[in-house]
Each structure stands twice: as C-alpha cells, then as structure tokens.
Amino acid sequence: MGDGISTSKSNVLRLGIVHGGPTPLPYMEGALGCDNECIENERLCFLGDPRFVLKDIFIRDIAEDNQVLDNLDVLVMPGGNDERDDLYGPGQYATLGDAGLKAIQNAIGDCGMVYVGICAGAFLAANKKGKAVVLAPSVSLHDEKNFGCASVRGWVALDVPPTRYRKILASCWKRSVYYDDGPALVVDVDNGDTEVLATYKGKVKFEDSEDRERVEESYWPLARELIGKAAITLTRYGKGKILLIGPHTECCGKPTRKGLTNLIAMIAYDEPS
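Residues numbered from 1 in each chain as written. Predicted model: local features only at pLDDT ≥ 70, side-chain atom pairs only at ≥ 80, totals over all residues. Heavy atoms only, no water.

Colleague: Would you mind showing me how to read unusual backbone geometry here?
Modeller: One can expect most non-glycine residues to show negative phi and most peptide bonds to be in trans. Phi at N71 is positive, roughly 70°, even though this residue is not glycine. Structurally, N71 can be placed in the loop between α2 (59-64) and β5 (74-77). Overall, the relative accessible area of 45% leaves N71 in the partly exposed class. Of note in this structure, C119 is not a glycine but carries a positive phi near 55°. Among the secondary structure elements, C119 is positioned in the loop between β6 (114-118) and α4 (120-125). Accessibility expressed as a relative area gives 5% for C119, which makes it buried. (Helix = DSSP H or I, 4+ residues; strand = E, 2+ residues; numbered from the N terminus. Buried < 20%, exposed > 50% of the residue type's maximum accessible area, 1.4 Å probe, protein only.)

Colleague: Looking at this structure, how should I read the pairing of strand β15 (residues 230-237)?
Modeller: The side chains of a regular strand alternate, residue by residue, between the two faces of the sheet. Burial within β15 is extensive, with six of its eight residues counted as buried. Note that strand β13 (residues 194-200) and β15 share five bridges and pair antiparallel. Of the residues in β15, the one forming a bridge with V196 is T233. As judged from the six bridges shared by β15 and strand β16 (residues 240-245), these two strands associate in the antiparallel manner. Note that in β16 the partner of T233 across the bridge is L244. Here β15 folds back onto β16 in antiparallel fashion, the turn holding two residues, of which G238 has a positive phi close to 55°. (Pairing = 2+ DSSP bridges.)

Colleague: Is there a simple way to think about the side chain of K241 in this case?
Modeller: If you trace the backbone, K241 turns up in strand β16. Dropping the residues within four chain positions of it, K241 is found in contact with I108, M113, V114, Y115, L234, T235, R236, I267 and D270. (Contact = heavy atoms within 4.5 Å.)

Colleague: Is there a simple way to think about the sheet that holds strand β14 (residues 205-206) in this case?
Modeller: Each strand in a sheet pairs with its neighbour through backbone hydrogen bonds, running either in the same direction (parallel) or in the opposite one (antiparallel). Strand order across the open sheet formed by three strands is β11-β9-β14, with antiparallel pairing between neighbours. Each end of this open sheet is capped by a strand with a single partner; those strands are β11 (177-180) and β14. Alignment of strand β9 (residues 153-156) against β14, held across two bridges, turns out to be antiparallel. Residue G154 lies in a different strand from β14, and its bridge partner there is F206.

Colleague: What is the right way to read helix α7 (residues 254-269) from this model?
Modeller: A turn of α-helix holds 3.6 residues, and therefore any two residues three or four places apart point the same way. Under the 1.5 Å per step criterion, the end-to-end length of α7 is 22 Å for 16 residues, consistent within 8% with the ideal 22 Å. Burial analysis of α7 places twelve of its 16 residues in the buried class, the great majority of the element. Buried residues of α7: T256, G259, L260, T261, N262, L263, I264, A265, M266, I267, A268 and Y269, and no others. Positioned one or two residues after α7, D270 has a phi angle of 55°, which is positive. (Expected span 1.5 Å × (residues − 1).)

Colleague: Honestly, the packing of aromatic side chains in this entry has me stumped. Any pointers?
Modeller: Note on aromatic pairs: each is described by the distance of the centres and the angle between the planes. Here the structure, examined in full by the defined rule, presents three aromatic pairs. Ring centres 5.3 Å apart and planes at 65° place the aromatic pair W155 and Y178 in the edge-to-face group. Taken together, the residues span a long stretch of sequence, with W155 in strand β9 and Y178 in strand β11 at a distance of 23 residues. Owing to a relative accessible area of 32%, W155 belongs among the partly exposed residues under this scheme. Note on Y178: relative accessible area 12%, which makes it buried. Taking the centre distance of 5.9 Å and the plane angle of 85° together, the rings of Y179 and Y200 count as edge-to-face. Separated by 21 residues along the polypeptide, Y179 in strand β11 and Y200 in strand β13 bring together distant segments of the chain. Over the aromatic face of Y93 sits the side chain of K131, whose NZ or CZ is 5.6 Å from the ring centroid. (Phe/Tyr/Trp six-rings, centres within 6.5 Å; stacked < 30°, edge-to-face > 60°. Lys NZ or Arg CZ within 6 Å of the ring centre and 35° of its normal.)

Right, dumping it as structure tokens:
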C-alpha cells in the first residue's frame with residue numbers, strides 16, 4: 001500500500017473489518033466498543049464481491065502492532081461505541097488510544113488507505129473535544145452530548161446533493177436507511193478537504209410503538225435538529241480518504257448494501273463517475 005491505491009479495476013481491494021475479538025461477559029453485544037451484529041452485517045456486504053478480499057483486524061492490534069495495517073486499502077470501523085459504557089466495555093477510543101489513532105492516521109495520509117467509519121466509527125474519527133489525535137478535523141459533531149445517547153432506532157430518509165458520487169447514492173439509497181443513535185455531522189465549510197455526500201432529510205421513523213414511547217420525550221427535540229445535518233461525509237487527507245457514515249447502511253437490504261460497497265470501491269479506486 002506504500003504507493004497508494006492503484007486505479008486499475010483489475011486490482012482487488014484489501015479491506016480490513018475491525019472487531020473486538022471473542023465477546024467477554026458482561027458485554028453481550030460486542031467487545032471493546034465494536035458491535036458484533038454491525039460487524040457481521042459488514043461482512044455480508046463484502047463477502048462474494050470480487051472487488052474485495054476481507055481481513056479481520058483486532059482493534060487492540062492497531063495500537064500494539066505497527067504492521068497490522070500494512071497493505072490494507074480500506075479499513076472499516078464498525079458501530080458500537082467510541083466511548084466506554086456498560087454494554088460494550090472500553091470503547092473504541094480508549095482501546096485504540098492515541099497510538100492506535102495515530103497508526104490509522106499514518107496509514108491514511110502516508111499510504112493511501114481509506115478509512116470508513118460507520119456510526120460509532122464516525123464518532124471516533126470526528127473532531128471531538130479533548131482528543132489529541134483527530135482523523136477528520138474538519139468534521140465535528142452537532143450536540144455531541146445528546147446525539148448518540150437517546151436510544152433512537154428506526155428509519156430515516158437521506159438527501160443526496162450533486163457530487164461525483166450522487167449517481168451511486170441516489171440509485172441505491174432512494175429508500176430510507178437504518179438509523180441507531182448515529183452522529184449528526186457538521187462540516188467546516190472553510191476547509192476545502194471535506195464534502196457532504198448526504199444529509200438527513202427527515203425525522204426518524206420508529207420501528208414500533210414501544211420504541212416511540214420509550215424515547216419520545218428525549219427524541220423530539222433532537223429530531224428537529226437532525227434534519228439537514230450531514231449524514232455522510234468524505235474527507236481527503238494526504239494520500240488517503242476518510243468516509244464517515246452516520247446511519248447503518250450495512251444493516252439494510254441488498255440494494256442499500258450494494259450502494260455501500262459501490263461507494264467504497266469508487267472512493268478507493270478514485271475513478272471518475
């Protein structure tokens with residue numbers, strides 16, 4: 001990967017999916033900030049796609065093994081939690097530490113790797129207060145104290161502005177995509193390294209009435225603020241790129257999953273639309 005990613009479509013993209021290893025009790029959903037269901041859905045997106053060859057990346061190894069990211073073209077950081085909680089234990093940020101984030105940053109900037117952060121992986125990369133190493137400084141979080149903490153799950157529609165990736169996004173993501181406490185991203189417009197690929201079009205449609213009743217009081221103030229905020233952003237950093245995705249596009253049906261793999265392939269190959 002030292003010379004960056006080849007633009008030849010004959011080359012297979014080496015894609016690493018980050019995981020937390022075997023699930024230890026009491027973390028039933030995942031480990032070290034990585035959600036097992038998200039990881040499995042990400043694998044389903046790429047399995048059988050001849051453009052990708054998959055590699056499992058243990059999150060602790062990123063900080064402890066300076067060669068674990070060698071030869072990767074794409075690194076996918078899954079949903080879960082970037083911070084510590086009772087469900088996931090130590091979050092992604094605490095597990096990686098500054099050393100792990102710096103290793104990812106170097107692989108992006110120096111070697112041309114594409115970082116894909118989905119939900120928690122987007123929270124991890126965005127410009128949060130108090131972080132010494134920030135992967136995407138021009139992308140911040142709207143109301144980071146409350147977004148991601150309201151337990152809001154459901155479906156949300158996206159608006160797709162005119163970019164070179166619009167055809168892929170508009171054709172595959174015309175329908176609503178799954179949302180589960182994802183970030184509302186804010187881009188520094190004075191910094192030309194980041195573009196918005198999609199924004200949240202409307203309020204989240206709850207999966208069922210129980211979900212609505214459970215979070216209604218805390219959700220509705222946030223719902224108004226979600227509309228119009230960036231849902232997907234793309235940042236260019238050195239030789240590589242950083243793709244941040246707020247909703248769970250990997251947890252939807254086949255057309256949406258295909259849209260995700262097509263978008264990542266297009267960004268990694270850096271081919272014109």
